[in-house]
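Commentary on secondary and tertiary structure
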Amino acid sequence: MKLESQPPSRSVALRTLSATAVLLFAAGLAASFLHAPAQLAISLRWIAFALFLPYALHRRSLLLWTFFAMLAGAELGIDAPGIASQTHFLADIFLRLIRMIVAPLIFGGIVTGIAGHNQLSGVGRVAVKALIFFEVVTTFGLLLGAVAIDITQAGAGVTLPAAVQPVAPVAHPETWQQILLNIFPENIAKAVAENQILQVAVFALLFGTALAMLPEPKRTPLLSVLQSLTETMFRLTRLIMVMAPIAAGAALAYTVGRMGIATLLPLGKLLVTCYVSLLLFTAVLAVILLVARIPVAKFAVAVAEPAALGFATTSSEAALPLAMENMEAFGVPRWIVSFVIPTGYSFNMTGSSIYLSMAALFAAQAAGLHLSVMQQIVLLATLMLTSKGIAGVPRAVLVILMAVASSFQIPAAAVLMLLGIDTLMDMGRTAMNVIGNCLAAVVVARWEGELSPAEAQTE
């Protein structure tokens, strides 16, 4: 929401303050590089933050607030790491609030979409189309990550610690039967308590189908309650999102305060390779939008806030409610949003797919292993299968890497080296996961002919 009715003089004053803030912040950065007194550089940067705050509050933009908080959090982590390392509880509170609303939000959205809008016949089609899209995009991500790390050879110059041989966590790849079994909940209360998003979505799908088959007099009362529940949860989402910038700033302050900048240097080449690959993949997603005749600029605006939130918190879950709300506002029907995006959390980890292949081959390079093209193909196929159905597992990507590494004689120490920069890489891959899931919802809606005309027309 923007304030357009403010007096011109106030708008000019705010722009002047923001311009002054940018100049002071640049001066603070320059002072640090020129080895000026540390207190002078720090003071200039914090004065810049103080001057920019009125402009940020005036704009009423969640995206602007989030980036402002992230920048301030990073500055706090550099200047006062002791204080910054104590701020993570703010991000944890936000994540708890998000987990509180995810299950009812997904349940209500899917059930009311199917039972309230006669979408029973389209459920199967949407599921098949979504899974096809997920598989194609994530496979391409795995290939891109492998090609990128083969070109840069980021792990070739890394020396493994000889004296320390960490014990790898026990990790066993699931069979395809177990993956399918884990999709279906045995107890819906347990699925909600353990935050198994896909299981909640499957239950909602079955519940909505059953409700749609009831006669109108029996269906209407419960449907009315669920519609009210869904609207209430979306309103609650807007209230919780007010805390999102604080959580983003706290999470980044904690990360910078705990890790420091110097720890990144040995693995900097891998970090650069990862982010360049993510940028290239973003271009691929833009091509998909163009082919589907979806306006790229409008989609970028719609996905910017949830992607920024995922980047700062390294949690796709934190961005889920906002992503669902923004995609519905973009023109995707609620029942498609509520089904496709949660399903994508298990089957459409686009950013994680790039990271998985890149990290596995980096570990092999660091260990001095030379994998042939056929061995790399087998490795990618193994990653593709073992990465399904692991949403909600803490550090699930590391678990997958450990499991695959043991199958290809890659030492655990090579994988555990990634922990030094895993959080920073997790930020990028989480943002890409959010973007990929939002893209899937929009493309499937377009594929179904359900994207609203206002947003479906390209400019």
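Up top you'll find the structure we're talking about.
Attention in this report is confined to the structure presented alongside it. Not measured: the values here are computed from a predicted model. Along every chain, residues carry numbers that run from 1 in the direction the sequence is written. In view of the model being predicted, local features appear only for residues whose pLDDT reaches at least 70, and side-chain atom pairs are presented and counted only at 80 or more, with totals across whole chains, interfaces and linings using the full set of residues. Side-chain numbers come from the whole structure's heavy atoms, not from hydrogens or water.

**What about the overall build of the protein?**
What counts as a helix is a DSSP run of H or I of at least four residues, what counts as a strand is a run of E of at least two, and both are numbered from the N terminus. Along the backbone of the protein there are 21 helices and zero strands. Only heavy atoms enter the contact rule, under which two residues are in contact if any of them lie within 4.5 Å. In the protein, of all internal contacts separated by at least 6 residues, the share reaching a separation of at least 24 is 83%. To be clear on the numbers: accessible area is Shrake-Rupley with a 1.4 Å probe, and residue cover counts the displayed protein chains and nothing else. Total accessible area on the protein is roughly 21100 Å²; 70% of this is exposed by carbon and sulfur atoms.

**A few points about a nonpolar patch on the surface**
Exposure above 30% relative accessible area and the lack of any salt bridge qualify a residue for a patch; like charges then connect within 9 Å, and the nonpolar side chains Val, Leu, Ile, Met, Phe, Trp and Tyr within 5 Å. By definition, a salt bridge exists where a carboxyl oxygen of Asp or Glu is found within 4 Å of a side-chain nitrogen of Lys or Arg. Where nonpolar side chains cluster on the molecular surface, the patch consists of V128, I132, V136 and W447 and spans about 390 Å² of accessible area. Per-element tally for the nonpolar patch: the top contributor is helix α6 (residues 123–152), with three residues. One can find I132 in helix α6.

**A look at the packing of aromatic side chains**
Between 30 and 60 degrees the pair is tilted, below 30 it is stacked and above 60 it is edge-to-face, where a pair is any two Phe, Tyr or Trp rings, Trp via its six-membered ring, whose centres lie within 6.5 Å. Summed over the entire model, instances satisfying the criterion amount to ten aromatic pairs. Centroid distance F107 to F207: 5.3 Å. Interplanar angle 55°. Geometry classified as tilted. Of this pair, F107 sits in helix α5 (residues 88–116) while F207 sits in helix α9 (residues 197–212); the two residues are 100 residues apart in sequence, bridging distant segments of the chain. Between the aromatic rings of F299 and F330, the centroid separation amounts to 6.1 Å while the plane-to-plane angle is 85°, which identifies the pairing as edge-to-face. Of this pair, F299 sits in helix α13 (residues 296–313) while F330 sits in helix α14 (residues 316–330), and the two are 31 residues apart along the sequence. In this pair, the class of F299 matches that of F330, namely buried. Of the aromatic side chains, those joined through ring pairs into one cluster are F25, W46, F49, F52, Y55 and F68. Relative accessibility under 20% of the residue-type maximum defines a buried residue, over 50% an exposed one, and the middle range a partly exposed one, all with a 1.4 Å probe and only protein chains included.

**Here's the deal with helix α12 (residues 268–291)**
To estimate the expected span of a helix, count its residues, drop one, and scale the result by 1.5 Å. Here α12 contains 24 residues, and its C-alpha end-to-end distance of 35 Å stays within 8% of the 34 Å for a straight helix at 1.5 Å per residue. Buried within α12 we find L270, L271, T273, C274, S277, L278, F281, L285 and L289. Those residues of α12 hidden inside the fold are in contact with α6, α13, α16 (350–366) and α20 (422–448). Within two residues after α12, R293 carries a phi angle of roughly 60°, on the positive side.

**Considerations on the nonpolar core**
Joining through side-chain atoms within 4.5 Å is the link that ties buried Ala, Val, Leu, Ile, Met, Phe, Trp, Tyr and Cys residues into a set, and such a set is a nonpolar core. Core analysis: the largest hydrophobic core is formed by 123 residues, its most contacted members being F94, I106, L270, F299 and V340. Dropping the residues within four chain positions of it, V340 is found in contact with V126, A130, F134, A440, A441 and V444. L14, F25, A48 and A56 belong to the second largest nonpolar core, which has ten residues in total.

**Some thoughts on the packing of α13 against α14**
Whenever a helix is involved, its axis is fitted only over the stretch in contact; in every case the axis is a line through C-alpha atoms, and angles between N-to-C directions fall within 0 to 180 degrees. Direction vectors running N to C along α13 and α14 enclose 175°, while the axes themselves pass 9 Å from each other. Regarding the angle of α13 to α14, the classification is roughly antiparallel. Contacts between α13 and α14 involve K298, F299, A302, V303, E305, P306, L309, G310 and T313 from the first element and A318, A319, L322, A323, N326, M327 and F330 from the second. Split by residue class, the contact of α13 with α14 holds eleven nonpolar, three polar and two charged. Should an angle fall under 35 degrees it is called roughly parallel, over 145 degrees roughly antiparallel, and 65 to 115 degrees roughly perpendicular, with every other angle called oblique. For this classification, the nonpolar set comprises Ala, Val, Leu, Ile, Met, Phe, Trp, Tyr, Cys and Pro, the charged set comprises Asp, Glu, Lys and Arg, and every other residue, Gly included, is treated as polar.

**What about the environment of A91?**
Position of A91 among the secondary structure elements: in helix α5. With 158 residues separating them in the primary sequence, A91 and G249 have C-alpha atoms 8.3 Å apart. In this view, A91 contacts A247, A250 and A251; residues no more than four positions away in its chain are not counted.

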